[in-house]
Each structure stands twice: as structure tokens, then as C-alpha cells.
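Given next are the chains, with one letter for each unit.
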Amino acid sequence: MNSLDPVQSAPLPGARMSPAVARNTAAILNVLRVHLGARARVLEVASGSGEHAVAFARALPATLWTPSDPSAEARDSIAAWAGAAGLDNLDEALALDAADGATWPEATLDAVVCINMIHISPWAATEGLMAGAGRVLRDPGGLLVLYGPFREADVPLAPSNAEFDASLKARNPDWGLREREAVVDLARTHRLHLTRRVAMPANNLMLLFRRA
């Protein structure tokens, strides 16, 4: 999984920038404000450049936000952005690989957030994400938040998403847009139940699951 794809260098030494972050941060934050508890303990899986982590921790100061990424380069970028932000509620990034259960923390958390990972990683990463979230989320009521493009049986695939899917599969046949129902069915096996589907800009979705 390349959680820093695509990125560009940032003015801050060691930091990287993802163009997608500037486009989707406000829309994602609007949903998080409604559904995260005021003092939620949040684990972000596949934090990439770290820009989301800083933006959300800053906007939600009562939360405790823990970013993570399997890439050392990504964790360096997260550290650079976090160091510049100086936020008390933003933890050091974990070296968490969603597919490797041994890298998940031993913790009880209120929420797990995963943005733009599922389609740019092998299916094993989604399997690991669901298993890990099922273990660490508080029971009942823990929240799993997914953001990204999905295929839906009852919704025509937007041409832009079809092109994106083809480009992903051309780069790696294990990548590509996932069927929403396959993700929902997998989540259910870990007692994570879809409670809300939120349509987002640029043909993306936020899927919210609760532990029950």
C-alpha cells in the first residue's frame, strides 16, 4: 500500500502534501463533527501525509487523535506536520499496517477512521482493517468511518470513477474500487454494522459502521 500516492513536497522540511486533502477535508470534517463523541479517542488508519490528522485534531480539540501508517516516509511527514502544529491532542504516529494484526494497538477506542485506503491496497488490508477495528472499538457503539470511492450495485458508476478504477488496476491488479456490499458484508462478520451512507463530493462516499 502506498498511502502517500499521489503527493508532492511541502515547504515544511520532511512534510509531504496530498492534493486530495485540500479538496476533501472540510466535507469529511462536517460528517465527523456530527458523529464523533466530544471526547472521542480516535485511531486514523493509513494517515498518509498527516495533513488530515492535523486538520481534524485542530478542529476537534476535545478528541485524542492517533495517526498511523506503515510507511516510514509517511510517518516522517506526519511528524513534520504535527511538530509544526503543536497540538496537545495529536499523538505520535503508529507504525500500523492494517493487514498485520500484530501492529494494531492494545487499546479500547471510540472511533477508527480510514480515508482513501481501501481502493489503493490489496483486499487483505480491508480484511485486516475490519478485524482490527472489531477488536479495538468499544462495544457497543464504537464507530468505524470509511471514506473513498466505491462500486454500488444500485448506483451507476460515474465515468470518472470508472477511469480511476481502470488506472488503479493497471498499476496493481490487487487494487481497485471495492463493491460496497462486499465491504459491508465483511464488516458484519466483525460485528460492525453499516448505519449511514453519506454521499460526498467528487463521487465519494462516507460509510459509517457501529460496533454492536
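Okay, so let's go over this structure. Each chain carries its own residue numbering, running from 1 in the written order of its sequence. In keeping with the predicted nature of the model, local features appear solely for residues at pLDDT of at least 70, side-chain atom pairs appear and are counted solely at 80 or more, and the whole-chain, interface and lining totals rest on all residues. Only hydrogens and water are removed before side-chain values are computed, so all heavy atoms of the structure are retained for them.

## Here's the deal with the overall build of the protein chain
Part 1: The secondary structure listing takes helices from DSSP runs of H or I that are at least 4 residues long and strands from runs of E that are at least 2 residues long, numbered from the N terminus. Scanning the protein chain from terminus to terminus reveals six helices and ten strands.
Part 2: A globule of 212 residues ought to have a C-alpha radius of gyration of about 17 Å, and the protein chain, at 16 Å, matches this closely.
Part 3: With the principal axes as the frame, the protein chain shows a C-alpha extent of 45 × 40 × 30 Å.
Part 4: In the protein chain, buried positions account for 50% of the 212 residues.
Part 5: The contacts in the protein chain between residues at least 6 apart in sequence include a share of 72% that link residues at least 24 apart.
Part 6: Reported accessibility uses the Shrake-Rupley method at a 1.4 Å probe radius. Residues are deemed covered only where the shown protein chains occlude them. Only carbon and sulfur atoms are counted for the fraction: they give 52% of the accessible area of the protein chain, which is about 9500 Å². For the radius of gyration, the atoms used are the C-alpha atoms, and the globule rule reads 2.2 Å times the number of residues raised to 0.38. Burial here depends on accessible area, computed with a 1.4 Å probe over protein chains only, as a share of the maximum for the residue type. Under 20% is buried, over 50% is exposed, and the range in between is partly exposed. By the convention used here, residues are in contact when the closest approach between their heavy atoms is within 4.5 Å.

## Observations concerning helix 5 (residues 159-171)
Part 1: Between the first and last C-alpha of helix 5 there are 19 Å, a value that for 13 residues agrees with the 18 Å anticipated at 1.5 Å per step.
Part 2: Residues of helix 5 that are buried: Asn161, Asp165 and Leu168. Buried residues along helix 5 cover an arc of 65° about the axis, so they all sit on one side. Relative to its buried face, helix 5 has exposed residues pointing more than 90 degrees away, namely Pro159, Glu163 and Ala170.
Part 3: Tucked inside the fold, the buried residues of helix 5 contact strand 7 (150-151). For a helix, the expected span equals 1.5 Å multiplied by the number of residues minus one. Relevant arc is that of directions from the helix axis to the C-beta atoms, nothing else.

## So, the packing of helix 1 (residues 19-35) against helix 2 (residues 51-59)
Part 1: Each axis is a line fitted through C-alpha atoms, taken for helices only over the stretch in contact, and angles between the N-to-C directions span 0 to 180 degrees. Where helix 1 meets helix 2, the closest approach of the two axes is 10 Å, and the angle between their N-to-C directions is 40°. Relative to helix 2, helix 1 is oriented oblique. Judged by the sense of rotation from one axis to the other, the crossing of helix 1 with helix 2 is right-handed. Contacts between helix 1 and helix 2 involve Val21, Asn24, Thr25, Ile28, Leu29, Leu32 and Arg33 from the first element and Glu51, His52, Ala55, Phe56 and Ala59 from the second.
Part 2: In this classification, the charged set is Asp, Glu, Lys and Arg, the nonpolar set is Ala, Val, Leu, Ile, Met, Phe, Trp, Tyr, Cys and Pro, and all remaining amino acids, among them Gly, are polar. Looking at the contact of helix 1 with helix 2 residue by residue, the class counts come to seven nonpolar, three polar and two charged. An angle counts as roughly parallel when it lies under 35 degrees, as roughly antiparallel when it exceeds 145, as roughly perpendicular when it falls between 65 and 115, and as oblique in every other case. Crossings are assigned a handedness: left-handed for a near helix turned anticlockwise from the far helix by less than a right angle, right-handed for a clockwise turn.

## Overview of the packing of aromatic side chains
Part 1: Aromatic rings from Phe, Tyr and Trp, taking only the six-membered ring of Trp, are treated as a pair when their centres fall within 6.5 Å; an angle between ring planes under 30 degrees marks them as stacked, one over 60 as edge-to-face, and anything in between as tilted. Under the defined criterion, the tally for this structure stands at one aromatic pair.
Part 2: Taking 5.5 Å as the distance between ring centres and 55° as the angle between the ring planes, the aromatic pair formed by Phe56 and Trp65 counts as tilted. Judged on exposure class, the residue Phe56 and its partner Trp65 are both buried.

## Some remarks on the packing of helix 2 against helix 3 (residues 72-85)
Part 1: Across the interface, helix 2 lies against helix 3 with an axial gap of 8 Å and an inter-helix angle of 30°. Between helix 2 and helix 3, the angle is such that the two are roughly parallel. Here helix 2 runs over helix 3; the crossing is right-handed. Across the interface between the two elements, Glu51, Val54 and Arg58 from helix 2 touch Trp81, Ala82 and Ala85 from helix 3.
Part 2: Class assignment of the residues belonging to the contact of helix 2 with helix 3 gives a composition of four nonpolar, no polar and two charged.

## Some points on helix 3
It helps to recall that an α-helix has 3.6 residues per turn; residues three or four apart then point in one direction.
Part 1: Between the first and last C-alpha of helix 3 there are 20 Å, a value that for 14 residues agrees with the 20 Å anticipated at 1.5 Å per step.
Part 2: Ala74, Ser77, Ile78, Ala80 and Trp81 are the residues of helix 3 that are buried. Here the buried residues of helix 3 occupy an arc of 160° about the axis, which is enough to place them on one side. For helix 3, exposure combined with an orientation more than 90 degrees from the buried face picks out Asp76 and Gly83.
Part 3: Along its buried surface, helix 3 packs onto strand 2 (16-17) and helix 2.
Part 4: Whenever a nitrogen or oxygen atom comes within 3.5 Å of another N or O atom, the pair is scored as a polar contact, on the condition that within protein one atom can donate a hydrogen and the other can accept it, and that pairs from neighbouring residues in sequence are kept only if both atoms are in side chains. Structurally, the start of helix 3 carries an N-cap: the backbone nitrogen of Glu73 is 3.2 Å from a side-chain oxygen of Ser71.
Part 5: Trailing helix 3 by a residue or two, Gly86 shows a phi angle of about 60°, which is positive.

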